[in-house]
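# Reading the structure
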Amino acid sequence: MKFSLSWLREHLVTDRDLGDIAETLTMLGLEVEDIIDRAEALAPFTVGEVTACSPHPDADRLKVCVVETGSGQVQVVCGAPNARAGLKGVFAAAGTHIPGSGLDLKKTKIRGVDSAGMLCSAAELGLGDDHDGIIELSHDATVGAAAAAALGLDDPVIDIAVTPNRADCLGVHGIARDLAAAGMGTLKPLKAKAVKGGFASPINVTLDFPTDQAAACPLFIGRTIRGVKNGPSPDWLQQKLLAVGLKPISALVDITNFFTLDRCRPLHVFDADTLAGDLSVRLARPGESLPALDGKTYELDGDMTAIADADGVLSLGGVIGGESSGCTEATANVFVEAAVFDPIRTAATGRKLNIESDARYRFERGIDPASTGPGMEAATALILELCGGEASKIVTAGASPKAARTIRFNPARVLSLGGIDLAEDESVKILESLGFATKPQRGGLSVSVPSWRGDVDNEASLVEEVLRVHGFDNIPETPFGQEHVLSAPVEPAERRRIGHARRALAVRGLNEAVSWSFLGTGHARLFGGGDDALRLANPISADLTDMRPSLLPNLIAALGRNADRGEAGLALFEVGPVYHDATPEGQAMAAAGVRAGTDGQRHWLKQRRDVDLFDAKADALAALAAAGAPVDSIQIEAIAAPWYHPGRSGSLKLGPNTVLAHFGELHPGVVRAMDVNLEDRGPVAGFELYFDAIPKPRDRAGKARPALTPAPFQAVERDFAFVVDAGVSAAQVAAAAKGAERKLISQVYVFDLYTGDGQNLGPGKKSIAIAVHLQPTEATLTEAEIDGVAKKVVDAVAKATGATLRA
């Protein structure tokens, strides 16, 4: 919302400077985004007077002017047809930058005649499109004075950001009301003197809506004004519109734009001579179209509010007018409209047709319904003043919506909700200055909400109004009380372990990605989704139609985009929700990672290799360990989800039914079906981890971590090579060995697998070598104790898997 300082002062009596006003606006919640000082850009330009003007001796269209600048006379060669002696215009001396053309003036010769400056047009100053003649200033302008002041451009423009709930501040009067409440001055009352109609309007209006759709336009009033003369609007009105970025069109159109900005009261003017009979406000019919004022033709549907005559739709209520009934210089009779339109329907119409207009912007936020009648009277008076004519009596269809609301308000809530101990009379003063009416009642106040504050509907909103005007910066800083020396963590353990897993994956060299929670139906079906229940009713894009069943597809797509840009080693992970059904229970937190290309290791002793399922397994185990999962108890099963490569994937489980993670190489067919080109990068390895499946940590009796007790005795490591059947997994061997003596065995890991040719080991056999790490805690192990543990390991593995020690 833009307005000039002088425009604001037409509604606010104040002696405060621009800085105070801007700071107060921001503190009121009307954040000042910019202050545009047009005079600053025009500082080099001054008022000059042409004292003599003669034809150029060598050019028919040029003139040689002698210009008094206030500091001496200069000669200027000018091609403007309106250049003449006695004219006062905008002078630019040599060395001045011309914003409209981007040129820097220099002293020069034009057809052999010296020229030391320029008399400027509006286009050359960047003030409009007029470049046919130079600007003509008032004869009262002082020669040598700043041109900006003579042009009326020494008035700064304030640009504020208005939140969607503050429709009342989409007019200059509403902004002035807030400033007056904050002590910036006194609000001037609006003048809305009724204009007596001299005849019955020949054009009537009817509201033709089904009963359940009557809210589309509850009130429509209008009147005919005959005998108007439509031409350019006066300079004061054009300057107001130009200051806020609107192009003046004609007096009738400029008047409607003025009231839209001045009072947040959108209006529309029809050329009455183009109308075919009376007006009907109704829902548009499928197949109808509207050639609009913006030069485009829009196809309408039955959810749009249309204003029509016997020949068809003339405009879309609250959105845009039609070309056929627009006002031109030939317009002699007009029909003026002031109405109330449904905010939701107005917004939906604008979105469907992609129309942005000042009227739509205000109607969809909810304008003051009580402004309809006064707005009509004020607009009528200004039309008669600027365009002449005679006004008819007002015709009315419908009635103003009942907007009166009363809220019970306890002034003590300002302290309990807002933290300021404010006297009741101060709260009353603030509310009444904003237009609220207060009346004492038992236990507090009864507050009547003004019609322009549709956003205030409860006691907390009234507290906010009091705080806003009193000043949020006046709320005292109050530290929270501390019950203990060390504060308990605010974040629950379930959330903390997600953060731990995220850090663990980052440490392993994966880059975190954040993708949409949506994807296309085709991609969703590749990963077990695509159900109708998870399809979005209003997707933001045609290829983002479904809630994601897995984090993998968006990560794979991201891999492809990075590969297309030449990235070598690709490794990404994401933590976020996945969706299995439309219930709250169907949403789960997961982590997933993908790798493609080489493993990223570069060393002269090490040959680079493609990533494989073991990289994905290591990523998943690292994340599970960081999240607090009992990794020592995890079982590995060579079965995974169908989007993984069979035989090159697996699952990490606790017990037979609890799946903590899937890992492995992604199925090449799935990757190709996603139209991702990674075939030259080798396999794509990935994993999916499900946080909800990880057992919750047990509550400890104390809050402190147990004391660290490092073992003071030397550790011992022994290697074992077992011959087992080909179907026995290394995990089975390691688990059996670990369970042989849990008090001493701290770690077991596999370091070799040998299958041979069947001659050394026997048919259907393989060799698995493990290292067993012994860590005593009470005394150094003797050789006999070590041999005893070794025998237990051999016996335990033999019993669990049928293994024998390899000779």
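Note: the structure precedes this text.
A brief structural summary. Residue positions are counted from 1 within each chain, in the order its sequence is given. For a predicted model such as this one, the threshold for reporting local features is a pLDDT of at least 70, and the threshold for listing and counting side-chain atom pairs is 80 or more; totals across whole chains, interfaces and linings nevertheless cover every residue. To get the side-chain values, take all heavy atoms of the structure and skip hydrogens and water.

The secondary structure listing takes helices from DSSP runs of H or I that are at least 4 residues long and strands from runs of E that are at least 2 residues long, numbered from the N terminus. Assigned secondary structure in the chain consists of 20 helices and 42 strands. The globule rule used here is 2.2 Å times the number of residues to the 0.38 power, and the radius of gyration it is set against is calculated over C-alpha atoms. Against the globule reference of 28 Å for 807 residues, the chain gives a C-alpha radius of gyration of 40 Å, more extended than a compact globule. Over its C-alpha atoms, taken along the principal directions, the chain stretches across nearly 120 × 85 × 60 Å. At a minimum sequence separation of 6, the contacts of the chain that also span at least 24 residues come to 69%. Counting rule applied: Lys, Arg positive; Asp, Glu negative; His and chain ends not counted. Charged groups are reduced to one reference atom each: NZ for lysine, CZ for arginine, CG for aspartic acid, CD for glutamic acid. Distance from the positive charge centre (80 side chains) to the negative charge centre (103 side chains) of the chain: 4 Å. Only heavy atoms enter the contact rule, under which two residues are in contact if any of them lie within 4.5 Å.

Here, a salt bridge means any side-chain nitrogen of Lys or Arg that lies within 4 Å of a carboxyl oxygen of Asp or Glu. The tally for this structure, following the rule as stated, stands at 33 salt bridges. Residue Arg360 pairs with Glu356 through a salt bridge whose shortest N-O separation is 3.5 Å. Given a relative accessible area of 6%, Arg360 falls into the buried group. The network of salt bridges with common partners includes Arg166, Asp168, Asp178, Arg453, Asp455, Glu465 and Arg468. Three exposure classes are used, based on accessible area relative to the maximum for each residue type with a 1.4 Å probe and protein chains only: buried under 20%, partly exposed in between, and exposed over 50%.

Only buried residues count toward a nonpolar core, which is a set of Ala, Val, Leu, Ile, Met, Phe, Trp, Tyr and Cys residues joined through side-chain atoms within 4.5 Å. Counting residues in hydrophobic clusters, the biggest one holds 93 residues, and the most contacted among them are Leu25 and Ile160. The contact partners of Ile160, leaving out residues within four places of it in the chain, are Met1, Phe3, Leu25, Leu30, Glu31, Val32, Glu33 and Ile175.

Think of it this way: DSSP has to see at least two bridges between two strands before they count as a pair. For strand β28 (residues 437–441) and strand β29 (residues 444–449), the ladder comprises 5 bridges, and the chain directions are antiparallel. Residue pairing in the sheet places Lys439 in a bridge with Ser446 of β29. Connecting β28 to the next strand, β29, in antiparallel fashion are 2 residues, including Gly443 with a positive phi near 80 degrees.

This part is about the sheet that holds strand β30 (residues 511–512). For sheets, the rule is that strands pair by backbone hydrogen bonds, running either parallel or antiparallel. The strand order β30-β33-β34-β38-β37-β36-β35 describes an open sheet built from 7 strands, whose pairing is mixed. Each of the sheet's edge strands pairs with one partner strand only, and the pair in question is β30 and β35 (635–637). The convention used is that axes are lines fitted to C-alpha atoms, helices contributing only their stretch in contact, and that angles between N-to-C directions extend from 0 to 180 degrees. Here helix α17 (residues 613–626) sits on the sheet in contact with β34 (587–596), β35, β36 (644–654), β37 (658–666) and β38 (684–690), set at roughly 150 degrees to β37.

Before going further, it helps to examine the packing of aromatic side chains. Any aromatic ring pair is given by two values, namely how distant the centres are and how the planes are angled relative to each other. A pair of Phe, Tyr and Trp rings is counted when the ring centres sit within 6.5 Å of each other, with Trp represented by its six-membered ring. The angle between the planes then sorts it: under 30 degrees is stacked, over 60 is edge-to-face, the rest tilted. The final tally for this structure, using the stated rule, is 8 aromatic pairs. The interplanar angle of 90 degrees and the centroid separation of 5.9 Å between the aromatic rings of Trp236 and Phe258 together place this pair among those described as edge-to-face. You can see Trp236 sitting in helix α6 (residues 235–243) and its partner Phe258 sitting in helix α7 (residues 251–263), a full 22 residues away along the chain. Centre to centre, the rings of Trp643 and Tyr644 are 6.5 Å apart; their planes meet at 35 degrees, and the pair counts as tilted. Pair check on accessibility: Trp643 and Tyr644 agree, each one buried. Site record: aromatic cluster; members linked through ring pairs are Trp7, Trp236, Phe258 and Phe259. Over the ring of Phe199 we find Arg226, and its NZ or CZ is 3.7 Å from the ring centre. Charges are assigned to positions over rings by a cutoff of 6 Å between ring centre and Lys NZ or Arg CZ, combined with an angular limit of 35 degrees from the ring normal.

Where helix α19 (residues 730–738) meets helix α20 (residues 783–801), the closest approach of the two axes is 8 Å, and the angle between their N-to-C directions is 135 degrees. Judged on the interaxial angle alone, α20 and α19 are oblique. Crossing of α19 over α20 shows right-handed handedness. Facing Gln732, Val733, Ala736 and Ala737 of α19, the residues of α20 in contact are Val793, Ala796, Val797, Ala800 and Thr801. Basically, the charged four are Asp, Glu, Lys and Arg, the nonpolar ten are Ala, Val, Leu, Ile, Met, Phe, Trp, Tyr, Cys and Pro, and anything else, Gly included, counts as polar. When grouped by side-chain class, the residues that make up the contact of α19 with α20 number 7 nonpolar, 2 polar and no charged. Each angle receives one of four descriptions, namely roughly parallel if under 35 degrees, roughly antiparallel if over 145, roughly perpendicular if within 65 to 115, and oblique otherwise. Crossings are assigned a handedness: left-handed for a near helix turned anticlockwise from the far helix by less than a right angle, right-handed for a clockwise turn.

For the rest of this paragraph, the subject is the side chain of Lys766. Looking at the secondary structure, you find Lys766 in strand β41 (residues 765–774). Buried charge without a partner: Lys766 forms no salt bridge, and the closest opposite charge is Asp725, 9.7 Å away. Of note is the side chain of Lys766, whose polar atom sits 2.7 Å from the backbone oxygen of Val728. Identification of polar contacts relies on pairs of N or O atoms within 3.5 Å, with a donor-acceptor requirement for protein atoms, meaning one able to donate a hydrogen and the other able to accept it, and with residues adjacent in sequence counted only if both atoms are side-chain atoms.

Strand order in this open sheet of 3 strands is β1-β13-β3, and the pairing throughout is antiparallel. The open sheet has two free edges, formed respectively by β1 (2–4) and β3 (31–36), since each of these has just one partner strand. Between one strand and the next, the sheet's axes are offset by a mean angle of 25 degrees, whatever the strand orientation. Where β1 and strand β13 (residues 157–161) come together, 3 bridges link them in antiparallel fashion.

With that out of the way, let us pick up the packing of α6 against α7. Two elements in contact, α6 and α7, have axes separated by 10 Å at closest approach and are oriented at 55 degrees. The orientation of α6 with respect to α7, classified from their angle, is oblique. Crossing of α6 against α7: the hand is left-handed. Along its contact with α6, which presents Trp236, Leu237, Lys240 and Leu241, the element α7 presents Asp254, Ile255, Asn257, Phe258 and Leu261. Taken together, the residues that form the contact of α6 with α7 break down as 6 nonpolar, 1 polar and 2 charged.

Once that is clear, we can look at unusual backbone geometry. Non-glycine residue Arg111 carries a positive phi angle of around 55 degrees. Considering the arrangement of structural elements, one finds Arg111 in the loop between β10 (108–110) and β11 (113–115).

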